[in-house]
Amino acid sequence: MSVPCVCVPREAGEATRRELAAADLLDTDHEISVEDDSIYIPVTDPTAAAARVDADVVVRDAPERDAQVTPADLLGYEPGYERLGDIVILDEDDDERAREIAAALVESDLPVETVVNRASKVKGELRVRDWDVLVGEETETVHREYGHAFALDIARVYFSPRLATERHRVASQVREGERVFDMFAGVGPFVVPMAARGAEVVGVDLNPDAVAYLRENARRNGVAERVTALEGDVREVSGEYENWATRIVMNLPHSADAFVETAVALAGDECVVHYYDIQHEDDPFGPGVEAIRAAAEPEYEVTVETERVVRSYAPHEVNVCLDVRLTRRDQ
Ligand code: SAM
């Protein structure tokens, strides 16, 4: 049967499918198909789907899917969950409900190895959270994001699949030959795609487990020769990179303001800083811009190129990103 399908390059398939699923635009009655280097994803509303993922829609034959048993079929309601590799992550306050959903996930046709429920907020300097492991034992997995594979252990490092689109937005700006410094690199979800675009990238993290995964992920994705991973407090270990960077990533949103002076020291003559922050919705960008201006002026001209709300974080609080260009003034 002929149905409308979004057409994207193969490597963008999984991310596009997720984006369409999040917007409830997937036509789940028909199969996704692959031909040559393109993937065709059936959609319910071609106009909305094309706008959502900025891709072409074509009409083509797609076989009907065998009906699969979903967790919702078994539960009678649609449970909320996220997938990270073969781990399913729940965010349920009610333990009984979490266990009911975990049982339905296992009984459904979804491929599931481990089901965990959030047992704390992300906490401490390393931003790792506690988990209740409801099914399976393994908290280590390999997660794919925009064509790259990231090994990680959710019990030992920070990682949020929700930031995939935002990371892709930033990584897509990188040009071959750039020098990028990621001050809070985690397991490398900015570092790896940026190195894959031809940049030389330095990633720092305080968490030794994150640095070990960062190195492994650089190797796993074939970019190790362009990646340097440093372990420690970025304020203490980045000295040899002063005046070096053409681009800096600062993804430590609760306390980025404490690191702007280090960022300015790392910046070369012309440098774009991607500054993540969490602020009240009434003034989400003001405090970040002020902190950057206070550290960079008058040595640099400061131009705010993008003010972007990445996601809602808590009632009246938003996670935002500022893309700020620093241009050194003539002395
Ligand atoms: N950029 C990664 C990502 O998107 O998944 C990780 C972001 S996570 C919010 C912040 C990271 O900063 C954590 O991995 C934490 O261990 C690290 N960190 C915290 N304080 C640090 C410091 N002073 N110097 C270097 N890394 C630090």
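Colleague: If you had to explain the site of the ligand to someone new, which residues and values would you point to?
Modeller: Not every one of the 19 residues close to the ligand is listed here, only the nearest: Glu 125, Phe 184, Asp 205, Val 234 and Asn 251. Residue Phe 184 places a main-chain N or O atom 2.8 Å away from a nitrogen atom belonging to the ligand. In this structure, an oxygen atom belonging to the ligand sits 3.0 Å away from a side-chain N or O atom of Asn 251. In the complex, the protein chains occlude 98% of the 600 Å² of accessible area that the ligand would expose alone. Class assignment for the residues of the shell around the ligand results in 11 nonpolar, 4 polar and 4 charged.

Colleague: Could you give me a rundown of the packing of aromatic side chains, with the residues and numbers involved?
Modeller: Any two aromatic rings considered together are summarised by their centre-to-centre distance and by the angle between their planes. Across all of its chains, the model carries 5 aromatic pairs by this definition. Aromatic side chains Phe 190 and Tyr 276 sit 6.1 Å apart centroid to centroid with 50° between the ring planes, which places their arrangement in the tilted category. Taken together, the residues span a long stretch of sequence, with Phe 190 in the loop between β11 (179-182) and α6 (191-196) and Tyr 276 in strand β15 (residues 267-280) at a distance of 86 residues. Overall, the relative accessible area of 3% leaves Tyr 276 in the buried class. Taken together, a centroid distance of 5.1 Å and an interplanar angle of 75° make the contact between Tyr 241 and Trp 244 edge-to-face. Neither residue differs from the other here; Tyr 241 and Trp 244 are each classed as buried. Chaining the aromatic ring pairs together yields one cluster made of Phe 181, Tyr 241 and Trp 244. Across the ring face of Tyr 40, the terminal group of Arg 60 is positioned such that the distance to the ring centre comes to 3.8 Å. Residue placement shows Arg 167 over the ring face of Phe 159; its charged tip is 4.8 Å from the ring centre.

Colleague: Tell me about the packing of helix α1 (residues 13-22) against helix α2 (residues 46-53), and name the residues and values.
Modeller: Where α1 meets α2, the axes come as close as 10 Å, and the angle between the chain directions of the two elements is 125°. Judged by the angle between their axes, α1 and α2 are oblique. Once α1 is placed against α2, the crossing between them reads as right-handed. Counted together, Thr 16, Glu 19 and Leu 20 of α1 and Ala 49, Arg 52 and Val 53 of α2 form the full contact between these two elements. When grouped by side-chain class, the residues that make up the contact of α1 with α2 number 3 nonpolar, 1 polar and 2 charged.

Thresholds, definitions, all that
- Residues numbered from 1 in each chain as written.
- Predicted model: local features only at pLDDT ≥ 70, side-chain atom pairs only at ≥ 80, totals over all residues.
- Heavy atoms only, no water.
- Near = heavy atom within 4 Å.
- Polar contact = N/O pair within 3.5 Å; in protein donor to acceptor, adjacent residues only side chain to side chain.
- Areas by Shrake-Rupley, 256 points an atom, 1.4 Å probe, with all protein chains shown as cover.
- Nonpolar A, V, L, I, M, F, W, Y, C, P; charged D, E, K, R; others polar.
- Phe/Tyr/Trp six-rings, centres within 6.5 Å; stacked < 30°, edge-to-face > 60°.
- Helix = DSSP H or I, 4+ residues; strand = E, 2+ residues; numbered from the N terminus.
- Buried < 20%, exposed > 50% of the residue type's maximum accessible area, 1.4 Å probe, protein only.
- Lys NZ or Arg CZ within 6 Å of the ring centre and 35° of its normal.
- Axes fitted to C-alpha atoms, helices over the stretch in contact; angles between N-to-C directions.
- Parallel < 35°, antiparallel > 145°, perpendicular 65-115°, else oblique.
- Left-handed = near helix turned anticlockwise from the far one by under 90°.
- Contact = heavy atoms within 4.5 Å.

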